[in-house]
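The chain contents come next:
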Amino acid sequence: METVYFKGQPCHTYGTLPQVDSLAPCFHLTGRDLSRVQCLDFKDKTVVLNIFPSLDTEVCARSVRRFNEEAAKMPDTAVICVSMDLPFAMGRFCTAEGIDNVVVASAFRSPLFAQKYGVMLCDGPLAGLLARAVVVIDRERRIAYRELVEEITHEPDYEAALSVIRAESKK
């Protein structure tokens, strides 16, 4: 269990983010067209999991926009934006915003994703949604970077994550 905050109010996660250098848990998520999005789809790529509560909030939307912009510059990297939003809502958001460099994937059918990655909020106003986190997985499926954003209303440390991604692309 980890503690994060929503507007200063403590909230807890079910479990913890995997540690750096540990093997990344495999995942099965649902794409915007209801297709399966799974870890094996991204073999031989660095994977960025941009995890957040909902695209219906400006901070979450900004993180997707930012990673979409950055993903266009990273050909050997797959950015997967994960929330509990329904796939249809994710698709509408991407169409309206011109988001086409990231994969959006819903965890609404995948309770094991939230448990394995330790991002399910189990109390507080956002209970049942995902905490804000960024996880970078290298080509060997090991965790290269992890950030659980302490205050959910804040954006992640993009530069820290991007520097790890750039280093991975040079390997």
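Anything mentioned here points back to the structure above.
Predicted model only: the values in this text are computed from it and were never measured.

1. Remarks on the state of the cysteines
In the structure shown here, the tally under the stated rule is 1 disulfide. Two residues, Cys26 and Cys39, share a disulfide whose sulfurs are 1.5 Å apart. Here Cys39 lies in the loop between strand 4 (36-38) and strand 5 (46-51) and Cys26 lies in the loop between strand 2 (9-14) and strand 3 (28-31), a separation of 13 residues in the sequence. We classify Cys39 as buried; its relative accessible area is 8%. Residue Cys11 stays outside any disulfide, its sulfur separated by 9.0 Å from that of Cys122, the closest cysteine. On the basis of relative accessibility, which here comes to 0%, the residue Cys11 falls in the buried class.

2. Section: the sheet that holds strand 10 (residues 143-148)
Read across the sheet, 7 strands follow the order 4-3-7-6-5-9-10 without closing on themselves; strand pairing throughout is mixed. At either margin of the open sheet sits one strand with a lone partner, and together these are strand 4 and strand 10. Sheet twist, expressed as the mean angle between neighbouring strand axes with direction ignored, is 30°. Across 5 bridges, the pairing between strand 5 and strand 9 (residues 133-137) is antiparallel. The residue bridging Asn50 from the neighbouring strand is Val134, located in strand 9. Across the sheet, helix 2 (residues 87-97) touches strand 3, strand 6 (77-83) and strand 7 (103-106), and the angle it forms with strand 7 is around 155°. Sitting on the sheet, helix 4 (residues 158-169) is in contact with strand 5, strand 6, strand 9 and strand 10, with an inclination near 170° to strand 10.

3. Comments concerning helix 1 (residues 58-71)
For the α-helix, the turn length of 3.6 residues means that residues three or four positions removed from each other point alike. Over its 14 residues, helix 1 extends 20 Å from the first C-alpha to the last, a length consistent with the 20 Å expected when each residue adds 1.5 Å. Among the residues of helix 1, those classed as buried are Val59, Cys60, Ala61, Ser63, Val64, Phe67, Asn68, Glu70 and Ala71. Contacts from the buried residues of helix 1 go to strand 5, strand 6, helix 2, strand 9 and helix 4.

The rules behind each value
Residues numbered from 1 in each chain as written. Predicted model: local features only at pLDDT ≥ 70, side-chain atom pairs only at ≥ 80, totals over all residues. Heavy atoms only, no water. Disulfide = S-S within 2.5 Å. Helix = DSSP H or I, 4+ residues; strand = E, 2+ residues; numbered from the N terminus. Buried < 20%, exposed > 50% of the residue type's maximum accessible area, 1.4 Å probe, protein only. Pairing = 2+ DSSP bridges. Axes fitted to C-alpha atoms, helices over the stretch in contact; angles between N-to-C directions. Contact = heavy atoms within 4.5 Å. Expected span 1.5 Å × (residues − 1).

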